[in-house]
Amino acid sequence: GEFACYDDRLEEIWRVGVHSVRCCSEDAYTDCPTYEQTLWVGDARNEAMVDLVANGDPRLSARCLVLSGRSLARSPIVESQVPSGWQNVLPAWSFLWMRWCHEHFQLTGDRVFALRMLDDVAKNVNGIRGALNAQGLFAMVAWNLFDWAPMDTPDRGVVTHVNCQAVHALRQCAELAAALDQPARAADWNHLADTIAQAVNAHLWSKEKQAYIDCIREDGTPSPVFSQQTQTAAYLSG
């Protein structure tokens, strides 16, 4: 693909994006061409967005989606890096994988492949459903990374950005199910998204601060941290 416009900065962004993906495309998308060279699922989703637009060849994106989905054979939701001897779950990456399934279909129109991935998405949704606590919030012992920043995202407890991203991913996959003529799945996943969203607003919003707390800690205490990243995740998820 090619891109040109009146803005030199946008053209440079295009060149940097394409060059980065070229350097990180091997048998799978990798997070970097030198140090780890690992298929980190969240990194791969972002690389796929550049690759599918810039190059138009969907094979590497599809391969990485399938490889990631295979980790559901041993974990309730898609793992953080695959294939790996380290069984690690990073929910934000798992939910980016869900969104990637929808985006791959949007950018390729491949219904056969999308239907294949929808079964893996359904397994991931079951993992989300199984991790809801009595308040209807997602609470899984996991690496709750979102950004390398001073956020309050413990491995145990209820983490706000994770719940917001679950809502975002469920709604996108409901759109995918609807586009693939599976209205029952679409309705179920939208309902689950609404349930989590309502719980987020009921339990993670501070009337005093008019913002979302970063988490509820394992001992039940609300976090004193109101990070920008958490507010952004809430905004993007609606």
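Shown above is the structure to which this text applies.
Each value, and the rule that gives it
- Residues numbered from 1 in each chain as written.
- Predicted model: local features only at pLDDT ≥ 70, side-chain atom pairs only at ≥ 80, totals over all residues.
- Heavy atoms only, no water.
- Phe/Tyr/Trp six-rings, centres within 6.5 Å; stacked < 30°, edge-to-face > 60°.
- Helix = DSSP H or I, 4+ residues; strand = E, 2+ residues; numbered from the N terminus.
- Core = buried A, V, L, I, M, F, W, Y, C linked by side-chain atoms within 4.5 Å.
- Buried < 20%, exposed > 50% of the residue type's maximum accessible area, 1.4 Å probe, protein only.
- Contact = heavy atoms within 4.5 Å.
- Arc of directions from axis to C-beta.
- Patch = residues over 30% accessible without salt bridge, like charges linked within 9 Å, V, L, I, M, F, W, Y side chains within 5 Å.
- Areas by Shrake-Rupley, 256 points an atom, 1.4 Å probe, with all protein chains shown as cover.
- Salt bridge = Lys/Arg side-chain N within 4 Å of Asp/Glu carboxyl O.
- Expected span 1.5 Å × (residues − 1).
- Axes fitted to C-alpha atoms, helices over the stretch in contact; angles between N-to-C directions.
- Parallel < 35°, antiparallel > 145°, perpendicular 65-115°, else oblique.
- Nonpolar A, V, L, I, M, F, W, Y, C, P; charged D, E, K, R; others polar.

A. Inspection of the packing of aromatic side chains at higher detail. The full count for this structure, using the stated rule, is seven aromatic pairs. Where Trp 40 meets Trp 86, the ring centres are 6.1 Å apart and the plane angle is 80°; that geometry is what we call edge-to-face. Of this pair, Trp 40 sits in the loop between helix H1 (8–23) and helix H2 (41–54) while Trp 86 is found in the loop between helix H3 (59–70) and helix H4 (91–108), placing the two residues 46 residues apart along the sequence. Relative to Phe 138, the ring of Phe 95 has its centre 5.6 Å away and its plane inclined at 75°; by these criteria the two rings are edge-to-face. With Phe 95 in helix H4 and Phe 138 in the loop between helix H5 (111–130) and strand S1 (158–159), the pair connects residues that are 43 residues apart, well separated along the chain.

B. The nonpolar core, seen in detail. Formed by 73 residues in total, the largest nonpolar core has its most connected members in Trp 97, Met 98, Trp 100, Ile 128, Leu 170 and Trp 189. Examining the composition of this core, we find that ten residues originate from one element, helix H6 (residues 160–179), more than from any other. Once residues within four sequence positions are removed from consideration, Trp 189 is found in contact with Leu 118, Val 121, Ala 122, Val 125, Leu 170, Cys 173, Ala 174 and Ala 177.

C. Up close: helix H8 (residues 228–237). Along H8, the positions that sit buried rather than exposed are Thr 230, Ala 233, Ala 234 and Ser 237. The arc that holds every buried residue of H8, seen down its axis, measures 100°, which confines them to one face. Looking at H8, the residues exposed on the side facing more than 90 degrees away from the buried face are Gln 228, Tyr 235 and Leu 236. On its buried face, H8 sits against H6 and strand S3 (211–212). One or two steps after H8, the chain reaches Gly 238, where phi turns positive at roughly 85°.

D. Local environment of the side chain of His 102. Position of His 102 among the secondary structure elements: in helix H4. Taking relative accessible area as the criterion, His 102 reaches 6% and is therefore assigned buried. Sequence-distant contacts of His 102, that is, excluding residues within four places in its chain, are made with Gln 172, Glu 175 and Leu 176.

E. A look at a nonpolar patch on the surface. Taken together, Phe 3, Leu 10 and Ile 13 make up a surface patch of nonpolar side chains, about 270 Å² in accessible area. Along the chain, Ile 13 falls in helix H1.

F. Representation of H4. Here H4 contains 18 residues, and its C-alpha end-to-end distance of 26 Å stays within 8% of the 26 Å for a straight helix at 1.5 Å per residue. Among the 18 residues in H4, 15 count as buried, and that is most of the element.

G. Region of the structure containing the environment of Arg 45. Positionally, Arg 45 belongs in helix H2. A residue is classified by how much of its surface remains accessible, and Arg 45, at 12% relative accessible area, is buried. The spacing of Arg 45 and Ser 61 is 16 residues in sequence and 8.0 Å in space, taken between C-alpha atoms. Excluding its chain neighbours within four sequence positions, the residues that come into contact with Arg 45 are Leu 96, Arg 99, Trp 100 and Glu 103.

H. The arrangement of the packing of H1 against H2 in detail. The contact between H1 and H2 brings their axes to 9 Å, and the two run at 110°. Considering the angle they form, H1 stands roughly perpendicular to H2. Between H1, through Trp 14, Gly 17, Val 18 and Val 21, and H2, the contact on the second element is made entirely by Glu 47, Val 50, Asp 51, Val 53 and Ala 54. Here the contact of H1 with H2 is built from residues that sort into six nonpolar, one polar and two charged.

I. Representation of the pattern of salt bridges within the structure. All told, the structure shown has eleven salt bridges when counted by the stated rule. For Arg 45, the salt bridge is made with Glu 103, and the minimal N-O distance between the two is 2.8 Å. Highlighted residues: Arg 45 in helix H2 and Glu 103 in helix H4, separated in sequence by 58 residues. When sorted by exposure, Arg 45 lands in the same class as Glu 103, which is buried. Where Arg 217 meets Asp 152, a salt bridge forms, and the shortest distance between an N and an O atom there is 2.7 Å.

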